[in-house]
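Analysis of the macromolecular model
Chain residues, written in single-letter form:
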Amino acid sequence: RHALMMFTSCGWFFYEADRVEPVQILRYAHRALELHTALCGTSLEAEFVQRLAPIRCVHPELKDGRDLWRKRVVRRDA
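Please read all numbers here as calculations on a predicted model, not as lab measurements. (Residues numbered from 1 in each chain as written. Predicted model: local features only at pLDDT ≥ 70, side-chain atom pairs only at ≥ 80, totals over all residues. Heavy atoms only, no water.)

1. Things to note about the pattern of salt bridges
As enumerated under the stated definition, the model contains 7 salt bridges in all. Here E21 ties to R19 by a salt bridge, and the two come within 3.0 Å at their closest N and O atoms. Its relative accessible area of 22% is what places E21 among the partly exposed residues. The class of R19 is partly exposed, set by a relative accessible area of 31%. Among the ionic contacts, a cluster of salt bridges with common partners joins D67, R70 and K71. (Salt bridge = Lys/Arg side-chain N within 4 Å of Asp/Glu carboxyl O. Buried < 20%, exposed > 50% of the residue type's maximum accessible area, 1.4 Å probe, protein only.)

Here's what the structure looks like:
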């Protein structure tokens, strides 16, 4: 279910990746990754987050998509 919801088109319609819609879509992706880890015993999160690196954010406190992931999606400041 979460894997399907992360492809909701309204989330990828906007230029700004740090808007509420793309962040919600990334939260769906995060939940799908959590479920995958629980069911399969392997984590795909590191590879997924690395693929977010090219994303540029409008807000200056966010460097790139990886930072967006940590601060707005899973709320980790690592």
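2. Brief notes about the nonpolar core
Within the largest apolar cluster, 12 residues are counted, these being A17, V23, L26, L33, V49, L52, C57, L62, L68, W69, V73 and V74. Those elements giving two or more residues to this core turn out to be α2 (20-40) and α4 (65-73). Apart from the residues within four sequence positions on either side, L62 is in contact with D18, C57, D67, L68, K71 and R72. (Core = buried A, V, L, I, M, F, W, Y, C linked by side-chain atoms within 4.5 Å. Helix = DSSP H or I, 4+ residues; strand = E, 2+ residues; numbered from the N terminus. Contact = heavy atoms within 4.5 Å.)

3. Here we look at the environment of I25
Within the secondary structure layout, I25 lies in helix α2. The class of I25 is buried, set by a relative accessible area of 3%. Spatially, the C-alpha atoms of I25 and M6 are 4.7 Å apart, while their sequence positions differ by 19 residues. Excluding its chain neighbours within four sequence positions, the residues that come into contact with I25 are M5, M6, T8, G11 and W12.

4. Digging into α4
Each full turn of the α-helix corresponds to 3.6 residues, which orients residues three or four apart in the same direction. Within α4, the full set of buried residues consists of G65, D67, L68, W69 and V73. Those residues of α4 that are buried lie in contact with α2 and α3 (45-51). R75 sits one or two positions beyond α4 and adopts a positive phi of about 55 degrees.

Everything listed here is a matter of coordinates, which is why it stays silent on function.
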